[in-house]
Amino acid sequence: MRLRRTFFWAAMFLLVPFANSQDSNSSDLPSAPSSTKQQQKESPPPASQGRSANDPTARTTPRRDQIDELKTVDQAAKDQQSAPPAATREQASPASIPTTEEKKADTKAPAAAAPSSDDDIDPSLPTIKRVVNEVNVVFTVTDKHGRYIKDLKQNDFRVVDDNRPASQIRSFRAETDLPLQVGLLVDASNSVRDRFRFEQEAAIEFMNQIVRPGYDKAFIIGFDTTPEVTQDFTDNTELLSRGVHALRAGGGTAMYDALYFACRDKLRNAQHKGPVRRAIILLSDGEDNQSRVTREEAIEMAQRAEVIVYAISTNVSGVKKQGDKILERISDATGGVAFFPFQMRDVSNAFTEIQEALRSQYALAYIPEDFRSDGRYRTIQILADQKQYHVRARRGYYAPAK
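Here's what I pulled together on the structure shown here. (Residues numbered from 1 in each chain as written. Predicted model: local features only at pLDDT ≥ 70, side-chain atom pairs only at ≥ 80, totals over all residues. Heavy atoms only, no water.)

1. Notes on the overall build of the protein chain
Of regular secondary structure, the protein chain possesses twelve helices and 14 strands. In the structure as shown, the protein chain presents an accessible area of about 24,300 Å², 50% of it carried by carbon and sulfur atoms. (Helix = DSSP H or I, 4+ residues; strand = E, 2+ residues; numbered from the N terminus. Areas by Shrake-Rupley, 256 points an atom, 1.4 Å probe, with all protein chains shown as cover.)

Here it is, written out as structure tokens:
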């Protein structure tokens, strides 16, 4: 053991000079193979090779193809967040928003969102376009004695729209049993105080006869300086009677405001399934001194809501006054009739005739010639081939605006 230690330390003393010699001449010697491998390991890899899995840079910095993939995914996520859902776009599109009057049938998609194939085209679009241009008219026909004629056919009439024959008659039918939506507007101003109670009783009798439970609906509005709904839409005749009894006379007269309100806020917005007949029975002397809207504005609203106005004058002087002419103007423009019962018993007769008129109507739908959605007023004429017949219909309508 001692011999081995002695030999080891002797060898170490002999190697020291040799090591110093190697250090002095190291610059003249080629690199050792282990050094070359170390340099290759520390140098960056070629572009075609990936970094070592142990390299921390390789873990934090993605390759170019990974970056491109992340950008694609990120951009798709941004596009999805920024773009609204398809349903939202359609709802926000002006083309998908119906108008009231209109309200109501333009559901075409914008040009930028046109279907990509024939299979995606909505087959209902042409039908919707035709419905927009279709005009519906309710009218009555009487003979020279004032009797209602109920058995005429489509060929017995001609339709003239804006002074030009209609392009096409879409439908024609006798409407003797359509559901009714009726508004009773009662003048409760001081000018009708003398006969107010009798008119209330006549109105109640009319409602009991005209309103069929489960089928028709009516509402009651009393007006002086402002309109007041004493009974909203109902088919309950007892409630309607209470609404009539709740009317109280007194104050000025805002008849145009009441008519405008009843047509716009009640009848025009009333819910219904299928076709209905809208009518207003207006009891007044026709003298207006409080309204904010004009007579023609009230008539226009009635025409837009497709409401027929039947007026019963409360003037008992025996002489037609200015108010009576106003009632005639309103009724005539909407396809109704004005009645002038100068005696008390004639009020009930007027209600009876209105009831018969509502049960003796025709409904006609046609396509105008050269129709334009310009919001302009267009006239209507329905002419009976037999001259002894008189047709009563609204005088015109307002075309929908673009």
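2. Considerations on helix 10 (residues 295-304)
An α-helix turns once every 3.6 residues. As a result, residues three or four positions apart point the same way. What helix 10 keeps buried is the set A298, I299, M301, A302 and Q303. Tucked into the core, helix 10 has its buried residues touching helix 9 (255-267), strand 9 (307-313), helix 11 (322-334), strand 12 (377-384) and strand 14 (396-398). Looking one or two places after helix 10, you find E306, whose phi comes out positive at around 55°. (Buried < 20%, exposed > 50% of the residue type's maximum accessible area, 1.4 Å probe, protein only. Contact = heavy atoms within 4.5 Å.)

3. A closer look at the pairing of strand 9
Counting buried residues in strand 9 gives seven out of seven residues, a clear majority hidden from the surface. Burial along strand 9 is two-sided: V307, V309, A311 and S313 facing one way and I308, Y310 and I312 facing the other are all buried. Two strands pair when backbone bridges link them, and strand 8 (residues 277-284) and strand 9 are joined in this way by seven bridges, in the parallel orientation. Across the sheet, the residue bridging to I281 is Y310, located in strand 9. As for the winding sense of the linkage, the β-α-β connection from strand 8 through helix 10 to strand 9 is right-handed. (Pairing = 2+ DSSP bridges. Right-handed = clockwise from strand over helix to strand, strands pointing away.)

4. A short note on helix 12 (residues 345-358)
With 14 residues, helix 12 extends 21 Å between its outermost C-alpha atoms, agreeing within 8% with the 20 Å of an ideal straight helix rising 1.5 Å per residue. Burial in helix 12 covers these residues: V347, A350, F351, I354, Q355, A357 and L358. In an axial view of helix 12, the angular spread of the buried residues amounts to 160°, which keeps them on one side of the axis. (Expected span 1.5 Å × (residues − 1). Arc of directions from axis to C-beta.)

5. Quick notes on the sheet that holds strand 13 (residues 390-393)
In space, the four strands of this open sheet follow the order 4-11-1-13, with antiparallel pairing throughout. Of all the strands in the sheet, just strand 4 (168-175) and strand 13 have a single pairing partner and so form its edges. Neighbour-to-neighbour, the strand axes of this sheet turn through a mean angle of 30°, independent of strand direction. (Axes fitted to C-alpha atoms, helices over the stretch in contact; angles between N-to-C directions.)

6. As for the nonpolar core
Across soluble globular proteins, nonpolar side chains show a tendency to be buried alongside one another. Membership of the largest hydrophobic core comes to 33 residues, with the highest contact counts inside it found for L184, M207, I281, Y310, I312, F351 and I354. At the level of elements, strand 5 (180-187), helix 7 (196-210), strand 6 (217-223), helix 8 (237-245), strand 8, strand 9 and helix 12 are the ones that each hand at least two residues to this core. Core analysis: the next-biggest nonpolar cluster, separate from the first, contains 28 residues, F219, A262, I280 and A311 among them. (Core = buried A, V, L, I, M, F, W, Y, C linked by side-chain atoms within 4.5 Å.)

7. What to know about the sheet that holds strand 9
Here six strands make up an open sheet; going across it, the order is 7-6-5-8-9-10 and the pairing mixed. Single-partner strands in this sheet number two, and they are strand 7 (227-234) and strand 10 (338-339). Alignment of strand 5 against strand 8, held across seven bridges, turns out to be parallel. In the sheet register, Q181 faces strand 8, and the bridge partner there is R278. With respect to the sheet, helix 11 is in contact with strand 8, strand 9 and strand 10, its orientation differing from that of strand 9 by roughly 155°.

8. With respect to unusual backbone geometry
In the Ramachandran plot, N163 falls in the positive-phi region, its phi being about 70° despite a non-glycine side chain. The residue N163 is located in the loop between strand 2 (157-161) and strand 3 (164-165) in this model. Residue classification places N163 among the exposed positions, given a relative accessible area of 64%. Positive phi, normally seen in glycine, also occurs at E306, with a value near 55°.

9. Points about the side chain of S241
In this fold, S241 is placed in helix 8. Look at S241 and you get buried, because its relative accessible area is 15%. Discounting residues that sit within four places of it in the chain, S241 has contacts with I204 and N208.

10. Here's the deal with the packing of aromatic side chains
By the definition in use, this model includes eight aromatic pairs. Chaining the aromatic ring pairs together yields one cluster made of F139, F157, F172 and Y362. Lying across the ring of F219, K266 places its NZ or CZ 5.9 Å from the centre. Sitting over the face of the ring of Y398, R304 holds its NZ or CZ atom 4.3 Å from the ring centroid. (Phe/Tyr/Trp six-rings, centres within 6.5 Å; stacked < 30°, edge-to-face > 60°. Lys NZ or Arg CZ within 6 Å of the ring centre and 35° of its normal.)

11. A word on the packing of helix 10 against helix 11
It is the contact of helix 10 with helix 11, at a shortest axis distance of 9 Å, that shows an interaxial angle of 25°. Our classification of the angle between helix 10 and helix 11 gives roughly parallel. Two packed elements cross with a definite hand, and for helix 10 against helix 11 that hand is right-handed. In contact with R295, E296, I299, A302 and Q303 of helix 10, helix 11 contributes I326, R329, I330, A333 and T334. (Parallel < 35°, antiparallel > 145°, perpendicular 65-115°, else oblique. Left-handed = near helix turned anticlockwise from the far one by under 90°.)

12. Quick word on the pattern of salt bridges
In total, this model carries 20 salt bridges according to the counting rule given. A salt bridge links R295 to E296; the shortest N-O distance between them is 2.9 Å. Two residues, E296 and R329, come together in a salt bridge whose shortest N-O distance is 2.8 Å. Here R329 lies in helix 11 and E296 lies in helix 10, a separation of 33 residues in the sequence. A relative accessible area of 33% means that R329 is categorised as partly exposed. Because the salt bridges share partners, they merge into one network encompassing D162, D374 and R376. (Salt bridge = Lys/Arg side-chain N within 4 Å of Asp/Glu carboxyl O.)

13. Considering the packing of helix 7 against helix 12
Closest axis-to-axis distance for the helix 7/helix 12 pair is 9 Å, and the angle between their directions is 25°. By the angle between their directions, the pair helix 7 and helix 12 is classed as roughly parallel. Here the hand of the crossing between helix 7 and helix 12 comes out right-handed. Note on element contacts: helix 12 touches helix 7 through R345, V347, S348, F351, I354, Q355 and L358, opposite F198, A202, A203, E205, F206, Q209 and I210. Counted by class, the contact of helix 7 with helix 12 contains nine nonpolar, three polar and two charged residues. (Nonpolar A, V, L, I, M, F, W, Y, C, P; charged D, E, K, R; others polar.)

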